[in-house]
Amino acid sequence: MKMGTLLSSALVAGMLISVAPVNVMALGGPSGPKIDYQVTGKIGQVEMDPYGYAPLTAVIRDGGYDLSDVHVKIVPKKGGQVIEYDVTDNKIKQNGGIPVFGLYADYKNKIEVKYTRNFNGKIEKIKEAYTIYAPPVYQTGSGKRGQNGLPFAKVEVKKVDKEFSDRLYLVNNIQGKNAKSAQMIWNNPAGGALEWNYPSNAFIVDTHGEVRWYINTEELIQYDNMFRTGIMMGFQQNNDGALSWGFGQRYVKYDLMGREIFDRQLPKSYNDFSHSMESLDNGNFILRVASSNKKRPDGRNVRTVRDVILEVDAQGNVVDDWKLYDILDPYRSTVMTSLDQGAVCLNVDASASGHTMTKEDIAKMDKSDHFGDIVGSGPGRNWAHVNSVDYDKSDDSIIISSRHQSANIKIGRDKKVKWILGAHEGWGKEYQDKLLTPIDAKGNKIVCENGKCPGYLDEDKGGFDWTWTQHTAFVIDSKSNKDVTYLSVFDNGDGRGLEQPAIASMKYSRAVIYKIDQKKMTVQQVWEYGKQRGNEWYSPITSITEYEKDKDSIMVYSATAGMGGYDFKKGKPMGAPKPEIVEFKWGSTVPSVQMKFYGTGAGYQAMPISVSKAFSGK
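Quick caveat, the model's predicted, so the values are computed rather than measured. (Residues numbered from 1 in each chain as written. Predicted model: local features only at pLDDT ≥ 70, side-chain atom pairs only at ≥ 80, totals over all residues. Heavy atoms only, no water.)

**Q** When you look at the overall build of the chain in this model, what are you seeing that I'm missing?
**A** Each helix and strand in the chain was counted, giving 6 helices and 40 strands. Within the chain, the proportion of its 618 residues that are buried is 56%. When contacts within the chain are restricted to residue pairs at least 6 apart in sequence, those whose partners lie at least 24 apart make up 60%. A total of about 26,200 Å² of accessible surface is found on the chain, and carbon and sulfur atoms cover 50% of it. (Helix = DSSP H or I, 4+ residues; strand = E, 2+ residues; numbered from the N terminus. Buried < 20%, exposed > 50% of the residue type's maximum accessible area, 1.4 Å probe, protein only. Contact = heavy atoms within 4.5 Å. Areas by Shrake-Rupley, 256 points an atom, 1.4 Å probe, with all protein chains shown as cover.)

And the structure:
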């Protein structure tokens, strides 16, 4: 019996050994003519974050079937916001299945899909539901004492009119300097703004304050690589529904699924992208950059700061540039002497808040070798601080917003100034006939002196003011023509009237719409919001005002509202930023949307995003 048992055991063992390689092959080798992923529906497997940059997206793979007539619906949380969209056949093929966008984070999402499935000539109309868990939002923290949430701690939705209840807003914020960032500077030559390099984020929220998309910056940004780091800025949804933006020495384009369309380094004559990237109808892009090597009249070579506009074509070839230090006066210091040195855009230095520079300080600096991202005159310093560029297709021109000149300026393809919207003080004689004259609603001239207009404090005397340290000067194309331009601007308000107020809490910001008659060279203020909100809505830096054609509305992001000024008695800023999105029907000063964020760090810009444009081509 023992011998028989041993023989039987040996025989069984031999049989197991002989079949083991087959089993191993089946478990870990090629799948053969089948798919061995889990398939939970009637087509293929679910692939989360298919391109590695958008964790709240997925693709329901097609399973080898031909799909068409696809419709996707993300079932909302109780009382939440529906996201639904059609998908073109090309988008299905591009993604290998049904693209799913807008998942709730850290939640089991229900996704309803409808589609036509074609297999071997058999055509079926199918409707089914999937349950997909999406992980929590993840971003590396800053390690700073004041941080208490990412991408924000909480959001307060104060108002959303029914007409705007389908809105999705892309929000682009800056966390501020941390221990990984801002560790490199330029050399050979010096100058530039390479050290202006802080963690940033971009996410999409619905009108209930829920995050429905974000970009994984952990994969995109490399702080130890000078050509792959920088503050993400200049987001824009292109006509094809994809997003373009830039950071540091790169400009990129990705779709909402996180698929890279292009990721390019700036051409070598330029460096330090920030603030603005606009896509044109012909496929070109206009970027705000700087020169990587400018020889000054005094013979010194420098990298310039935020004062060059670059146009590239769809393949990345240089088309044209506007070197503003050759077009404007880089030594006009009229505005610089009234700037609060504690808040020069995102170079926030609370210890310098409330202080200004004198003309003597600026002149002395120009004789020094102190170049870089500092307020000062002449190429190689932050004399212009251009924070937006907008292309006017009516006459092939660009309009820039120059923070440190407190001016919005139109420049032609011939590099000649067409008009200047800003206080008249300090401009040389070659610009005098380019300065717009303010008028009231009846066409009467408004006389402004020393940077102050009658409507500066009293609307009954004209209701007009210039913009001060403004951000974003955008043409409202649908309401403009060759003769008349409507322009939306966010008037931050620092240095208003070419001075600092007696008390920091007197500062305020405005969203403004101007009407410019380009033949008569006049400007009329036709709408404003924010003065009545006072200092609690004051954004010393960043922000945006932009017209939205789809709803005939004005969208505003007061991105550092609540930051206020500096309390010298307590030795700290007056408050933390509480960025606020407000959106208005055209002509109204009562918001249709009002959302306030807490715990964001400094906000930068926000804008509506169209899901149908991204997936339906509409």
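**Q** For this particular structure, what's the right way to read the state of the cysteines?
**A** Between two cysteines, a covalent bond joining their sulfur atoms is known as a disulfide. According to the stated counting rule, one finds 1 disulfide in the structure shown. The residue that forms a disulfide with Cys-448 is Cys-453, at a sulfur-sulfur distance of 2.1 Å. Looking along the S-S bond of the Cys-448-Cys-453 disulfide, the torsion reads about 110°, which is the right-handed sense. According to the relative accessible area criterion, Cys-453 is buried, its value standing at 5%. (Disulfide = S-S within 2.5 Å.)

**Q** Quick question: what am I supposed to make of the side chain of Ser-279 here?
**A** Among the structural elements, Ser-279 can be located in strand β17 (residues 277–279). Of note is the side chain of Ser-279, whose polar atom sits 3.4 Å from the side chain of Asn-238. When neighbours within four sequence positions are excluded, Ser-279 is seen to be in contact with Gln-236, Asn-238, Asn-284 and Phe-285. (Polar contact = N/O pair within 3.5 Å; in protein donor to acceptor, adjacent residues only side chain to side chain.)

**Q** Would you mind going over the sheet that holds strand β33 (residues 522–529) with me for this structure?
**A** The strands making up a sheet associate through hydrogen bonds between their backbones, and the pairing can be parallel or antiparallel. Judged by pairing direction, the sheet is mixed, and its 5 strands sit side by side in the order β29-β33-β32-β31-β30 without closing on themselves. Since the sheet does not close on itself, it has two edges, and those belong to β29 (437–439) and β30 (471–475), each with one partner. Within the sheet, the average angular offset between the axes of one strand and its neighbour, ignoring direction, is 30°. In this sheet, strand β31 (residues 484–491) lies alongside β30 in antiparallel orientation, the contact comprising 4 bridges. Following the sheet pairing, Phe-474 is matched in β31 by Ser-488. (Pairing = 2+ DSSP bridges. Axes fitted to C-alpha atoms, helices over the stretch in contact; angles between N-to-C directions.)

**Q** Any chance you could explain the sheet that holds strand β39 (residues 593–598) here in plain terms?
**A** Strands sit in the order β8-β39-β38-β35-β34 across an open sheet of 5 strands; the sheet is antiparallel. Edge positions in the open sheet fall to β8 (154–160) and β34 (544–548), since each of these has one partner strand only. Strand-to-strand, the axes of this sheet are offset by a mean angle of 15°, without reference to chain direction. Where β8 lies against β39, 6 bridges are found, and the strand directions are antiparallel.

**Q** Would you explain unusual backbone geometry in this entry?
**A** With glycine set apart, most residues show a phi of negative sign, and most peptide bonds adopt trans. Between Leu-150 and Pro-151 the backbone carries a cis peptide bond, its omega angle lying at -5°. With respect to the helices, strands and loops of the structure, Pro-151 is situated in the loop between β7 (122–134) and β8. Residue Asp-69 is not a glycine yet carries a positive backbone phi of 50°. Examined against the element boundaries, Asp-69 turns out to sit in strand β3 (residues 66–74). With phi around 45°, Thr-469 is a residue other than glycine that occupies positive phi space. Among the secondary structure elements, Thr-469 is positioned in the loop between β29 and β30.

**Q** When you look at the packing of aromatic side chains in this model, what are you seeing that I'm missing?
**A** In this description, an aromatic ring pair is defined by two values, namely the gap between the centres and the angle between the planes. By the definition in use, this model includes 20 aromatic pairs. Geometrically, the ring pair formed by Tyr-486 and Trp-586 is edge-to-face, given 6.3 Å between the ring centres and 70° between the ring planes. With Tyr-486 in strand β31 and Trp-586 in the loop between β38 (580–585) and β39, this pair connects stretches of sequence that are 100 residues apart. Counting every residue linked through ring pairs, the aromatic cluster contains Phe-490, Trp-527, Tyr-529, Trp-537 and Phe-584. If you follow Lys-415 out to its NZ or CZ, it ends over the ring of Trp-322, 5.1 Å from the centre. (Phe/Tyr/Trp six-rings, centres within 6.5 Å; stacked < 30°, edge-to-face > 60°. Lys NZ or Arg CZ within 6 Å of the ring centre and 35° of its normal.)

**Q** Would you mind showing me how to read the confidence of the model for the chain here?
**A** Interpretation of this model should avoid reading the predicted coordinates in detail wherever pLDDT is low. Looking at the chain, pLDDT values average 91 and 90% of them are 70 or higher. Averaged over each element, pLDDT in the chain is lowest for helix α1 (residues 2–28) (46) and highest for strand β21 (residues 308–312) (99). Contacts from residues 1–26, a stretch scored under 50 in pLDDT, to residues over four places away or in other chains number 2 contacts. (pLDDT = per-residue confidence, 0-100.)

**Q** Sorry, what's going on with the nonpolar core here?
**A** Generally speaking, soluble globular proteins have nonpolar side chains that are buried together. Grouped together as the largest cluster of nonpolar side chains are 66 residues, with contacts concentrated most on Phe-101 and Trp-245. Setting aside chain neighbours within four positions, we find Phe-101 in contact with Leu-56, Thr-57, Ile-74, Ile-83, Tyr-85, Leu-168, Ile-204, Trp-213, Leu-256, Val-611 and Phe-615. Formed by 47 residues, the second largest nonpolar core is a distinct cluster that contains Tyr-270, Ile-327, Ile-398 and Tyr-604. (Core = buried A, V, L, I, M, F, W, Y, C linked by side-chain atoms within 4.5 Å.)

**Q** What is the right way to read the environment of Lys-613 from this model?
**A** One can find Lys-613 in helix α6 (residues 611–615). The sequence separation of Lys-613 and Gln-237 amounts to 376 residues, and the corresponding C-alpha distance is 8.9 Å. Aside from chain neighbours lying at most four places away, what touches Lys-613 is Gln-237, Asn-238, Asn-239, Asp-240, Gly-241 and Lys-618.

**Q** Could you clarify how one ought to interpret the pairing of β7 in this entry?
**A** In the case of a regular strand, side chains alternate between the two sheet surfaces. Strand direction decides the pairing type here: strand β6 (residues 107–119) and β7, joined by 13 bridges, are antiparallel. Paired with Tyr-115 across the bridge in β7 is Ile-126. Linking β6 back to β7 in an antiparallel pair, the connection comprises 2 residues, with Asn-120 at a positive phi of about 55°.

**Q** Is there a simple way to think about the pattern of salt bridges in this case?
**A** One side chain can pair with another of opposite charge once the charged atoms of both are near each other. Scanning the entire structure with this criterion turns up 39 salt bridges. A salt bridge links Arg-167 to Asp-550; the nearest nitrogen and oxygen atoms lie 2.7 Å apart. Highlighted residues: Arg-167 in the loop between β8 and β9 (168–174) and Asp-550 in the loop between β34 and β35 (553–558), separated in sequence by 383 residues. Exposure remark for Asp-550: the relative accessible area of 55% places this residue in the exposed category. For Arg-510, the salt bridge goes to Asp-491, with nearest N and O atoms at 2.8 Å. Here Arg-510, found in strand β32 (residues 510–517), pairs with Asp-491, found in strand β31; they are 19 residues apart in sequence, far enough to count as distant. By relative accessible area, which is 1% here, Arg-510 ends up buried. Residues joined by salt bridges that share partners form a network here, namely Asp-465, Asp-491, Arg-496, Arg-510, Glu-528 and Lys-531. (Salt bridge = Lys/Arg side-chain N within 4 Å of Asp/Glu carboxyl O.)

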